[in-house]
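Summary of structural features
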Amino acid sequence: MEGVFRTVVGYAGGRKKNPTYHSLGRHAETLRIEYDPERVAYEELLRVFWEEHDPTARPWSTQYRSAIFTHGEEQERIARESLARTGERLGRKVYTAIEPAGPFWPAEDYHQKYLHRRTGFLMRELRAAYPEEDRFIASTAAARLNGYMGGHGSPERFEEEAERLGVGPEARAKLLAMLISHHGRSPSGSSCAAPPPGGGTASP
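What comes next is a walk through the structure. Along every chain, residues carry numbers that run from 1 in the direction the sequence is written. The predicted origin of the model limits local features to residues at a pLDDT of at least 70 and limits the giving and counting of side-chain atom pairs to 80 or more, whereas totals for whole chains, interfaces and linings rest on all residues. Working from all heavy atoms in the structure, the side-chain values ignore hydrogens and water.

On to the overall build of the protein chain. By definition, any uninterrupted DSSP run of H or I lasting at least four residues is a helix, any uninterrupted run of E lasting at least two residues is a strand, and each is numbered from the N terminus. Scanning the protein chain from N- to C-terminus turns up 8 helices and 6 strands. Ordered by position from the N terminus, the helices and strands of the protein chain form the series β-β-α-β-α-β-β-α-α-α-α-α-α-β. Only protein chains enter the accessibility calculation, which uses a 1.4 Å probe. A residue is then buried if its area is under 20% of the maximum for its type, exposed if over 50%, and partly exposed in between. Counting every position in the protein chain, which comprises 204 residues, the buried fraction comes to 41%.

Helices that pack against each other are described as a pair by the angle of their axes relative to one another and the distance between those axes. Their axes nearest at 9 Å, the elements helix α6 (residues 140–149) and helix α8 (residues 169–183) cross at an angle of 45 degrees. As judged from the angle between their axes, α6 and α8 are oblique. Residue-level contacts link L145, Y148 and M149 of α6 to L175, M178 and L179 of α8. Amino acid classes used here: Ala, Val, Leu, Ile, Met, Phe, Trp, Tyr, Cys and Pro are nonpolar; Asp, Glu, Lys and Arg are charged; the rest, including Gly, are polar. Looking at the contact of α6 with α8 residue by residue, the class counts come to 6 nonpolar, no polar and no charged. The axes used here are C-alpha line fits, helices contributing only the stretch in contact, and every angle between their N-to-C directions lies in the interval 0 to 180 degrees. Angles are sorted into four bins: roughly parallel if under 35 degrees, roughly antiparallel if over 145, roughly perpendicular if 65 to 115, and oblique for all others. Pairs of residues are marked as contacts when any of their non-hydrogen atoms sit within 4.5 Å.

Turning to the environment of G87, a few remarks are in order. For G87, the location among the structural elements is in helix α2 (residues 72–90). Taking the C-alpha atoms as reference, G87 lies 9.0 Å from P55; in sequence the two are 32 residues apart.

A few words on the packing of aromatic side chains. A pair of Phe, Tyr and Trp rings is counted when the ring centres sit within 6.5 Å of each other, with Trp represented by its six-membered ring. The angle between the planes then sorts it: under 30 degrees is stacked, over 60 is edge-to-face, the rest tilted. Within this structure, the stated rule accounts for 3 aromatic pairs. Seen in terms of ring centroids, W60 and Y64 are 5.4 Å apart; in terms of plane orientation they differ by 35 degrees. Their pairing is tilted. When the centroid spacing of 5.3 Å and the interplanar angle of 70 degrees are considered together, the rings of Y148 and F158 count as edge-to-face. Of this pair, Y148 sits in helix α6 while F158 sits in helix α7 (residues 155–161), placing them 10 residues apart in sequence.

For salt bridges, the criterion is a side-chain nitrogen of Lys or Arg within 4 Å of an Asp or Glu carboxyl oxygen. Throughout the structure, instances matching the rule amount to 15 salt bridges. The shortest N-O distance in the salt bridge between R80 and E76 comes to 3.1 Å. Within this pair, R80 and its partner E76 are both found in helix α2, separated by 4 residues, close to a single helical turn.

Right, dumping it as structure tokens:
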């Protein structure tokens, strides 16, 4: 998504210090999003949040509960208004909790940038650019490419920034084909046959 420059998966919402996947306490699995509010609105992040899961499903554990962890009164207000609209639109009870953001604990390295680790065809290029694990996890390029791999972002937008993200020709062709398939169309002008510093942080 335009304006998002870093994502980290981790744990939030509980009191246990240094939680791990196998010892979470009352924490929920969480995605921390760092973004530029001049380029993407908080409301747009919430729109994607609602679209990517079923908030009307009753949570069967705190680990997998639906929650929005807000930073400040303005984010809380916007989140509550968004929740109310979502309930009206769906016509069912929404179980999403809205809570102040407390401490965020990054998850273990093997949980980070899951789509890259699962598919692998971009990992060689990213690892060459970011050989240290912490730099790879914090990389804007890795975050943006991970989003594209999840189908977030148009083929046209990917073509515009692929070179800047450091994607080589072979990986570029594969990812572009994935995006075209996801969007069900061919990007205009494509020759192919075939998800910045500054800003704020949200944890929807």
